[in-house]
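Read off the chains here:
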Amino acid sequence: MRTYLIDDLTDKDYRTVIKAFDDLGLRGSLDGIYYLPLPENLLQGEQKAHLGDCGPYFMALEAVESPDQNNLRLELLVRARNKLRCSCVSYATPAQREHMIEYLDQFIEELEVSV
């Protein structure tokens, strides 16, 4: 799996980020998983065509807390909320990847988290 990793977060910074994700209602169905929505204007043609059946689309972020180190792993895979398997689920395009990495970096920066 292709991922974007932010590691070595302090316990305080990790809790700050997780609280912000929780406050935004981004928590997924599994512990430590968050769904970061992908803007519709960045969807590929097939994803736009499947939006009603498969969407909305998101990238999953795994928040890992451990005694050794805390980190955030953003999967660079565009997932569909309503279907696990479909041809519209695919690795992010360069534009989607750039947008979501920038979104996560800016989100963390606005929380004044040091990475």
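Our structure's up above, just so we're on the same page.
Computed from a prediction, not measured in an experiment: that's the story for all the values here.

Asker: Where do I start with the overall build of the protein in this structure?
Answerer: For the protein, the count of helices and strands is three helices and six strands. Sequence-ordered secondary structure for the protein, helices as α and strands as β, is β-α-β-α-β-β-β-β-α. At 14 Å, the protein has a C-alpha radius of gyration in line with the 13 Å of a compact globule built from 115 residues. Contacts in the protein between residues at least 24 apart in sequence constitute 63% of all its contacts with a sequence separation of at least 6. On the protein, roughly 6,900 Å² of surface is accessible, and the fraction owed to carbon and sulfur atoms is 47%. Each charge class in the protein was averaged separately, 12 positive and 20 negative side chains, and the resulting centres sit 7 Å apart.

Asker: Is there a simple way to explain the state of the cysteines in this structure?
Answerer: Simply put, the disulfide is a covalent bond whose two ends are the sulfur atoms of two cysteines. Applying the stated criterion to the full structure yields zero disulfides. Take Cys54: it sits in no disulfide, and the sulfur closest to it among the cysteines is that of Cys88, at 3.7 Å.

Asker: Honestly, the nonpolar core in this entry has me stumped. Any pointers?
Answerer: Generally speaking, nonpolar side chains in soluble globular proteins are found buried as a group. Core analysis: the biggest nonpolar cluster contains 32 residues, and Phe21, Tyr57, Leu61, Leu72 and Leu74 have the highest contact counts within it. Of all elements in the fold, only strand E1 (3-9), helix H1 (11-23), strand E2 (33-37), strand E3 (57-64), strand E4 (70-75), strand E5 (77-80) and helix H3 (94-110) reach the threshold of two or more residues within this core. With residues near it in sequence (within four places) discarded, Leu61 still touches Phe21, Gly32, Ile33, Tyr34, Leu36, Leu72, Arg73, Leu74 and Leu104.

Asker: When you look at a negative patch on the surface in this model, what are you seeing that I'm missing?
Answerer: A grouping of Glu98, Glu102, Glu109 and Glu110 is seen on the molecular surface, where their side chains present a negatively charged patch. Tracing the backbone shows Glu102 in helix H3.

Asker: Honestly, the packing of H1 against H3 in this entry has me stumped. Any pointers?
Answerer: In helix packing, the relevant descriptors are the interaxial angle and the interaxial distance, both defined with respect to the helix axes. Where H1 contacts H3, the two axes come as close as 10 Å, and the packing angle between them is 110 degrees. Judged on the interaxial angle alone, H3 and H1 are roughly perpendicular. Seen from above, H1 lies across H3 with right-handed handedness. Taking contact as the criterion, the partners of Val17, Ala20 and Phe21 in H1 are, on H3, Leu104, Phe107 and Ile108. Residues that form the contact of H1 with H3 fall into these classes: six nonpolar, no polar and no charged.

Definitions and cut-offs
Residues numbered from 1 in each chain as written. Predicted model: local features only at pLDDT ≥ 70, side-chain atom pairs only at ≥ 80, totals over all residues. Heavy atoms only, no water. Helix = DSSP H or I, 4+ residues; strand = E, 2+ residues; numbered from the N terminus. Rg over C-alpha atoms; globule rule 2.2 N^0.38 Å. Contact = heavy atoms within 4.5 Å. Areas by Shrake-Rupley, 256 points an atom, 1.4 Å probe, with all protein chains shown as cover. Lys, Arg positive; Asp, Glu negative; His and termini not counted. Charge placed at Lys NZ, Arg CZ, Asp CG, Glu CD. Disulfide = S-S within 2.5 Å. Core = buried A, V, L, I, M, F, W, Y, C linked by side-chain atoms within 4.5 Å. Buried < 20%, exposed > 50% of the residue type's maximum accessible area, 1.4 Å probe, protein only. Patch = residues over 30% accessible without salt bridge, like charges linked within 9 Å, V, L, I, M, F, W, Y side chains within 5 Å. Salt bridge = Lys/Arg side-chain N within 4 Å of Asp/Glu carboxyl O. Axes fitted to C-alpha atoms, helices over the stretch in contact; angles between N-to-C directions. Parallel < 35°, antiparallel > 145°, perpendicular 65-115°, else oblique. Left-handed = near helix turned anticlockwise from the far one by under 90°. Nonpolar A, V, L, I, M, F, W, Y, C, P; charged D, E, K, R; others polar.

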